[in-house]
Amino acid sequence: MYYLVLTVALYLFWVLLSGHYTALLLGLGAASVLLVVWFLRRMDRVDGEASFTRISPGLFGYFGWLMMAVVKANIDVVKRIWAPNLPISPTWTRLETEINTPLKKTLYANSITLTPGTLTTNARRDHLWVHCLTQDNAKELRAGEMEGRIRKLNL
Amino acid sequence: MSMVLEILSWICLISGGFLCISGGVGLLRLPDFFSRVHASSVTETLGTPLILGGVMLQTGWSLDTIKLLMVGMFVLATNPTATHAMVKAALHDGQTPLESNDSESKATPPLENGGPKEEEANQEEDPSSS
């Protein structure tokens, strides 16, 4: 079932990207999709964690919020870059987290890295190491709005 | 209508270009590797999407719009991965972030509070020196 959905999704993606509809090209596309799915099957024997993520409305809500946060962080970082006295205070700190599922922790660490001004360097069982461009960025992470939003997600 | 789209598109393109330049300026101005990474993420997380958005408005509604949207999504999805890989490599190489209360002060000894594991590995002798 998993591989069936994967095949269909990959093929739709291929058609979308190619935009050619002759028999030869569609056939070649199908062949390459099958090859990829076969590779994936072989790889899953090692990884063993193939799973679907439930795509919930909450996830889109989170991405919307994340994009807003990213825009705000961008403006802040750009201001600091152009300010003549370069008002930064880099810090590398340990950030405790109560998120414990691998998927959510991945989302959290990647969201932190995506936001300019904060950057995950290491992920451990119950904490992350983050590098922040300013002390304020670190304080904002500790305030935990992003973490709270991820914990509320139904993944 | 097309005039509005044109103006909107150029606003996106120009502000995207400005953000990319800002990223470059940040790369030059910021003091160490780790803070420079923050500057480069400005280019990727807002500069690129704005430019892609501007191009999208120029092409109008077609299959290319969806392709551009996907390019944007992939850039956003791969940015954290690439950034993280780079930072990890730097840590493995023994770089430590410049920590400061004011940006003038020299790096403090970084890891009194028990830093990440990579630091222990760094105590090994440099293979290139043997």
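Residues numbered from 1 in each chain as written. Chains lettered and ligands numbered in written order. Predicted model: local features only at pLDDT ≥ 70, side-chain atom pairs only at ≥ 80, totals over all residues.

Peer 1: So what's going on with the confidence of the model for chain A? Which residues, and what values?
Peer 2: In the predicted model, chain A carries a mean pLDDT of 85, and 94% of its residues have values of at least 70. Across chain A, helix 3 (residues 57–82) of chain A holds the top mean pLDDT of 90, while helix 2 (residues 23–47) of chain A sits lowest at 84. (pLDDT = per-residue confidence, 0-100. Helix = DSSP H or I, 4+ residues; strand = E, 2+ residues; numbered from the N terminus.)

Peer 1: Provide a residue-level description of helix 1 (residues 2–29) of chain B, including the pertinent values.
Peer 2: Its 28 residues give helix 1 of chain B an end-to-end C-alpha distance of 40 Å, which sits within 8% of 40 Å, the value for a rise of 1.5 Å per residue. Among the residues of helix 1 of chain B, those classed as buried are Cys12(B), Gly16(B), Leu19(B), Ser22(B), Gly23(B) and Gly26(B). Along its buried surface, helix 1 of chain B packs onto helix 3 of chain A together with helix 2 (33–59) of chain B. (Expected span 1.5 Å × (residues − 1). Buried ≥ 20, exposed ≤ 12 C-beta atoms within 10 Å, placed from the backbone. Contact = placed C-beta atoms within 7 Å.)

Peer 1: Run through the interface of chain B and chain A, naming residues and quoting values.
Peer 2: Taken together, the 33 residues of chain B in the interface contact 28 residues of chain A. Mapped onto the side of chain B that touches chain A, the elements with two or more residues apiece are helix 1, helix 2 and helix 3 (63–92) of chain B. The element contributing the most residues to the side of chain B that touches chain A is helix 3 of chain B, with 10 residues. Within the side of chain B that touches chain A, the residues separate by chemical class into 17 nonpolar, 12 polar and four charged. (Nonpolar A, V, L, I, M, F, W, Y, C, P; charged D, E, K, R; others polar.)

Peer 1: Just give me the short version of the pairing of strand 3 (residues 127–132) of chain A, but keep the residues and values in it.
Peer 2: Residue and element names in this part refer to chain A. Among the six residues in strand 3, five count as buried, and that is most of the element. As paired elements, strand 1 (residues 91–96) and strand 3 share six bridges and run antiparallel to each other. Within strand 3, the position partnered with Thr 93 by the bridge is Val 130. Where strand 2 (residues 118–123) meets strand 3, five bridges bridge the pair, whose relative direction is antiparallel. Along strand 3, the bridge assignment pairs Ala 123 with Leu 128. Linkage of strand 2 to strand 3, two consecutive antiparallel strands, is achieved through a turn of three residues. (Pairing = 2+ DSSP bridges.)

Peer 1: Tell me about the nonpolar core, and please be specific about residues and values.
Peer 2: Core analysis: the largest hydrophobic core is formed by 38 residues, its most contacted members being Val77(A), Ile112(A), Val130(A) and Val42(B). Of all the elements in the fold, those that place two or more residues in this core are helix 3, helix 4 (102–114), strand 3, helix 5 (135–143) and helix 6 (145–152) of chain A together with helix 1, helix 2 and helix 3 of chain B. Broken down by element, the residue count for this core peaks at 10 residues, all from helix 2 of chain B. Ignoring any residue separated from it by four or fewer positions in sequence, one finds Val77(A) in contact with Pro116(A), Gly117(A), Leu133(A), His38(B) and Val42(B). (Core = buried A, V, L, I, M, F, W, Y, C linked by C-beta atoms within 7 Å.)

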